[in-house]
Each structure stands twice: as structure tokens, then as C-alpha cells.
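Breakdown of the fold
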Amino acid sequence: MYWEKDIETLGRDGLNKMTLTKLNQMLSTAIKSPYYQKKLKDFDIPNQPIKSLKDFQRLPFTEKQDLRDHFPDGLLCCSKEEIIRMHSSSGTTGNPTVVYHTKKDIETWANLMARSLYMAGVRRRDVFQNIMGYGLFTGGLGFHYGVEKLGAMIIPIGTGNSKRQLWFMKEFQTSVLHILPNYALRLHMVLKEEKIKLEDLNLRIACIGSEPHTEETRRKIEELYKIKAYNSYGLSEMNGPGVAFECTYQSGMHVWEDAFYPEIIDPQTGEVLPDGEWGELVFTTLQREAMPILRYRTKDLTRIIPGACPCGRHHRRIDRIKGRSDDMLIINGVNIFPMQIEQKLMQFEEVGSNYIIEIRNENYLEKIHIKVEIKPEYFGGTLTQLESLKGRIIESLKAEITVSPVVQFVEPGTLPDFAGKAQRVFDLRNKE
Ligand code: ADP
Ligand code: ZN
């Protein structure tokens with residue numbers, strides 16, 4: 001039942017004690033980085049260890065912007081020689097966030113992934129099709145190393161080409177998928193078009209995550225493919241996947257508390273909330289060598305589910321992510337900030353001052369539609385000139401956000417006027 005019985009079934013007291021010890025170890029490692037040395041200068045670390053979990057709440061938060069501002073090595077705690085991998089966020093606006101890993105960090109991560117997969121019922125005999133982006137994005141390689149560690153066979157196919165995905169599933173009798181929930185729904189349409197029968201496939205489990213989705217979506221995936229689907233949560237600052245994962249009871253995602261210390265805070269006041277209350281999820285790494293991160297504000301809104309899970313694991317469970325406390329959008333699994341779009345648009349002389357962004361879901365394919373005002377003097381141009389401008393805008397946006405938006409030009413004054421704070425993003429997914 002367990003990948004590592006001792007650690008997985010450790011009781012609450014044991015986990016709390018372990019957390020406290022590890023937090024102090026983390027603090028003495030973190031303080032080696034230029035960023036935390038400065039940030040924690042008012043705390044006498046390591047001479048004054050943290051005495052309780054409550055005591056830990058005095059420490060300041062770390063945010064994505066801190067990682068950007070201290071690009072690339074400000075949070076690094078070891079020599080560069082010890083680093084064997086980096087991951088980085090996409091986008092060219094400003095500095096990307098960089099996360100470094102030592103050999104041991106990668107091993108720890110692979111083990112957490114193997115533990116998560118084992119918990120969801122994946123075994124050595126399984127054939128695992130990893131339909132996630134490889135490369136800087138953590139979803140692909142994170143699962144890849146975990147599956148290998150567990151000992152199942154991985155098909156490192158990556159994203160795209162639905163027919164080819166289905167062909168591999170059939171020919172190699174894939175039994176487990178790692179797939180974006182929306183893509184799972186879209187892929188099923190292709191499966192039907194291609195008249196592939198479920199009996200000719202051998203699917204039994206899907207790991208779905210990287211983007212918010214509802215319980216209904218999960219159930220739909222389970223019904224369409226006649227499989228079990230498990231929610232997988234992670235973020236690159238905490239490695240990537242393997243931070244929290246569902247067990248077979250599907251009643252929340254267990255956070256691996258030997259590796260990450262979760263807190264729920266009020267996003268406005270920063271005050272720590274008791275288990276059961278909804279707020280923003282905050283994590284502290286407990287096992288990092290290269291780059292410990294303390295009290296990282298994920299901006300994800302959830303709660304800790306009170307009570308014990310029937311599976312026997314005491315690692316606390318978080319509820320399905322119900323939103324963000326910032327304006328980050330997740331479109332087909334890609335993280336996008338509206339500000340990235342604005343910065344690119346405003347670099348064009350022809351673009352006026354108003355624009356709106358609509359997110360639509362067309363046949364389970366999420367699309368960004370941008371309506372942009374064009375200055376009157378440019379509307380007089382030829383159609384070819386306008387088409388060429390549109391092409392350049394789309395190219396520039398694609399380079400920034402990695403996905404191609406649909407761009408529509410409008411005349412000034414035709415978009416709604418805003419008194420006060422402009423609402424520019426209209427998320428029409430699940431609303432149309
Ligand atoms: P990833 O490789 O998982 O996309 P990123 O660091 O790029 O890692 O993005 C992390 C963010 O993705 C999280 O902060 C959260 O907003 C979102 N996310 C990841 N997994 C889930 C999930 N299972 N449910 C909802 N949102 C998720
Ligand atoms: Zn459980």
C-alpha cells in the first residue's frame with residue numbers, strides 16, 4: 001500500500017516534531033544565500049532556533065517577485081559545481097524565476113513523485129504515457145524521473161499530436177496517463193472521431209493537474225475513459241509536481257509534509273489561518289540543498305481539510321485549488337499574467353489605449369481572444385497593412401506567452417469605458 005510506510009504513516013505528533021527540526025535545518029541552510037542573509041538579518045539564526053511552529057510565523061514571506069529581483073543566483077545556497085539542473089519560468093518580460101537543484105534535490109524530487117504515483121496505484125508493470133511538456137516546464141521531467149524511480153515503463157511522448165498519442169496508447173497498451181484535464185477531454189473527441197474502442201486500450205489511471213479543474217471534470221474524464229483520475233498539484237518553486245497528490249480515496253491532496261511545510265494565510269493580512277479555513281497556500285521547503293525557499297506565497301486559494309484520511313497517511317490534505325489571489329491565468333496549462341500581454345501590446349505604436357482579453361473554451365481547447373483598439377490614423381491603411389500589423393502583434397505575443405492568441409482590431413471608443421479600475425480580463429470558460 002505504501003512506497004515508504006514509516007514516513008507515510010507517521011502520526012501527527014511525529015510529523016510536527018520532524019517539521020520543527022527540519023525548519024531549523026532549512027533556516028541554517030537558507031541563511032547562506034545572499035537573499036536570505038539580508039532578509040533574515042534581524043533574526044539571530046542559527047543561534048536562536050525556532051522553538052515552535054507558531055514561532056516560525058514571525059518570519060517574512062517570499063514571493064515570486066523576490067526570485068525575479070534576485071535573478072539568477074540570489075537564493076543559491078551551495079556552490080555552482082553542486083548544481084545538476086535548473087528549471088525556469090517562461091516569458092521574456094522581466095527576469096524569469098530560476099530554481100536550481102543538486103543531485104540530492106533531484107533524487108528527493110524523484111522519490112516524492114514515485115511515492116505519489118505509488119499512492120495512486122501505479123506499479124512496476126504499468127506503461128506510463130507522459131503527455132506533458134518536457135524541457136524547462138517541470139511537469140514533464142518531474143513525472144519522468146518519478147516513473148523511472150518507481151520502475152514502470154515511461155513513454156516520454158510530450159504534448160501534441162492527438163492521433164499519435166492514441167496510436168501509442170493502443171500499440172504499447174498504455175495503462176497510466178499524465179495529462180492536462182482539458183486535454184483529456186479534447187483527446188476523447190479525437191478518440192471518438194477515430195473510432196477507437198476503449199476495449200482496444202488498456203487505460204486504468206490518469207494523473208491530472210497543472211491547471212485548475214472541477215470535480216465534475218474529473219468525473220467526466222473517469223466516465224469517458226472508464227478509469228480513475230487523480231489530482232496532482234505542484235509548482236516549480238517547490239520543485240514542480242509531487243508537492244501534493246490524491247490517494248485512492250480522492251478526498252483532497254496529501255501534502256508531503258516531510259518535504260514541504262504548508263500554511264494557509266489570509267491573503268490580505270498575512271495572518272495564519274486554522275485548518276479548515278480557506279485562504280492562500282504558503283510553502284516552506286524542508287529538504288532543499290541548492291535553494292531552500294521559506295514561506296513562499298503560492299497565490300493559490302485552498303484550505304487544509306481537517307481530520308484523518310482513511311488511507312492511513314497523516315500528511316495533511318489540501319482541497320482542490322479554487323482560484324488565485326493574484327491575476328495569473330492558466331491557459332492550457334501555461335501560466336500567463338495579463339501584464340505580459342499589455343506590455344507587448346503597448347510596444348506597438350499603432351495600438352491605442354484600450355484592450356480586453358477574453359479566455360474562451362472551444363471544444364476543450366482554451367483560447368485567448370484579444371480585442372485591441374487601433375489608433376484612428378492607422379485604420380485608414382490598406383487591408384494588407386492591417387493584416388501585417390496583426391501578424392506582427394500575434395508573433396510578439398506568442399514569443400512572450402508561448403501560445404498564439406486570436407487578435408481582433410477595433411476602432412477607438414468601441415470597447416467599454418472604465419470608471420476606476422479597468423476590467424480587462426474576461427474569463428468566459430465554463431460560462432459560454
Ligand atoms: P506547473 O509545472 O505545475 O505548471 P508552475 O510553477 O508553472 O508549475 O505552475 C504552478 C501553478 O499551477 C500552481 O501555483 C497552480 O496555480 C497551478 N496548478 C498546478 N497544479 C494544479 C492543480 N492540480 N490544480 C489547480 N491548479 C494547479
Ligand atoms: Zn489518503
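Structure: above.
Keep in mind that this is a model prediction, so the values were computed, not measured. (Residues numbered from 1 in each chain as written. Chains lettered and ligands numbered in written order. Predicted model: local features only at pLDDT ≥ 70, side-chain atom pairs only at ≥ 80, totals over all residues. Heavy atoms only, no water.)

Focus on the overall build of the protein
From N to C terminus, the protein includes 13 helices and 21 strands. Whereas a compact globule of 432 residues would reach a radius of gyration of roughly 22 Å, the protein reaches 23 Å, a difference of no more than 12%. Counting all 432 residues of the protein, 54% fall into the buried class. Intrachain contacts of the protein at a sequence separation of at least 6 include 66% that bridge at least 24 residues. Counting only carbon and sulfur atoms, one obtains 51% of the accessible surface of the protein, whose full area is about 19400 Å². Within the protein, one finds 58 positive and 57 negative side-chain charges whose respective centroids are separated by 4 Å. (Helix = DSSP H or I, 4+ residues; strand = E, 2+ residues; numbered from the N terminus. Rg over C-alpha atoms; globule rule 2.2 N^0.38 Å. Buried < 20%, exposed > 50% of the residue type's maximum accessible area, 1.4 Å probe, protein only. Contact = heavy atoms within 4.5 Å. Areas by Shrake-Rupley, 256 points an atom, 1.4 Å probe, with all protein chains shown as cover. Lys, Arg positive; Asp, Glu negative; His and termini not counted. Charge placed at Lys NZ, Arg CZ, Asp CG, Glu CD.)

Looking at the coordination of the zinc ion (ligand 2)
Looking at the zinc ion (ligand 2), the protein donor atoms are C247 (SG), H254 (NE2), C309 (SG) and C311 (SG), and they sit 2.1 to 2.3 Å from it. Angles of 100 to 118° at the metal separate the four donor atoms of the zinc ion (ligand 2), which places the site in the tetrahedral class. Mapped onto the sequence, the donors of the zinc ion (ligand 2) take the spacing C-x6-H-x54-C-x1-C. Of this pair, C247 sits in the loop between β8 (240-246) and β9 (253-255) while C309 sits in the loop between β13 (304-305) and β14 (317-318); the two residues are 62 residues apart in sequence, bridging distant segments of the chain. Its relative accessible area of 6% is what places C309 among the buried residues. (Donors = N, O, S within 2.8 Å, 3.2 Å for Na, K, Ca; no water. Tetrahedral: all angles 85-135°; square planar, octahedral: opposite > 155°, others 65-115°.)

Section: the sheet that holds β8
Across the sheet, which stays open at both edges, the nine strands sit in the order β4-β3-β5-β6-β7-β8-β9-β14-β13 with mixed pairing between neighbours. If you trace the sheet from one side to the other, it starts and ends with β4 (153-155) and β13, each paired once. Relative to β14, β9 is paired through two bridges, and the arrangement is antiparallel. Bridge pairing in β14 places M253 opposite I318. Contacts from helix α6 (residues 103-119) reach β3 (127-130), β6 (205-209), β8 and β9 within the one sheet, and its direction differs from that of β8 by about 30°. Its contacts with the sheet place helix α9 (residues 181-193) against β5 (176-179) and β6, and it is angled at close to 115° to β5. (Pairing = 2+ DSSP bridges. Axes fitted to C-alpha atoms, helices over the stretch in contact; angles between N-to-C directions.)

Digging into the site of ligand 1
The full set close to ligand 1 counts 19 residues, and N231, S232, S236, D300 and N335 are the nearest of them. Residue S210 places a main-chain N or O atom 3.1 Å away from a nitrogen atom belonging to ligand 1. The side chain of N335 places a nitrogen or oxygen atom 2.9 Å from an oxygen atom of ligand 1. Out of a free accessible area of 540 Å², ligand 1 has 93% covered by protein chains. (Near = heavy atom within 4 Å. Polar contact = N/O pair within 3.5 Å; in protein donor to acceptor, adjacent residues only side chain to side chain.)

Here we look at the pairing of strand β19 (residues 365-374)
Of all ten residues that make up β19, seven are buried, and the element is covered over most of its length. Here strand β18 (residues 351-362) pairs with β19 via nine bridges, running antiparallel. By the bridge assignment, E358 is partnered in β19 with H369.

Points about the side chain of Q250
Looking at the element boundaries, Q250 is found in the loop between β8 and β9. The class of Q250 is buried, set by a relative accessible area of 12%. A polar side-chain atom of Q250 sits 2.8 Å from a polar atom in the side chain of E222. Setting aside residues no more than four positions away along its own chain, Q250 makes contact with R218, R219, E222, K228, A229 and Y230.

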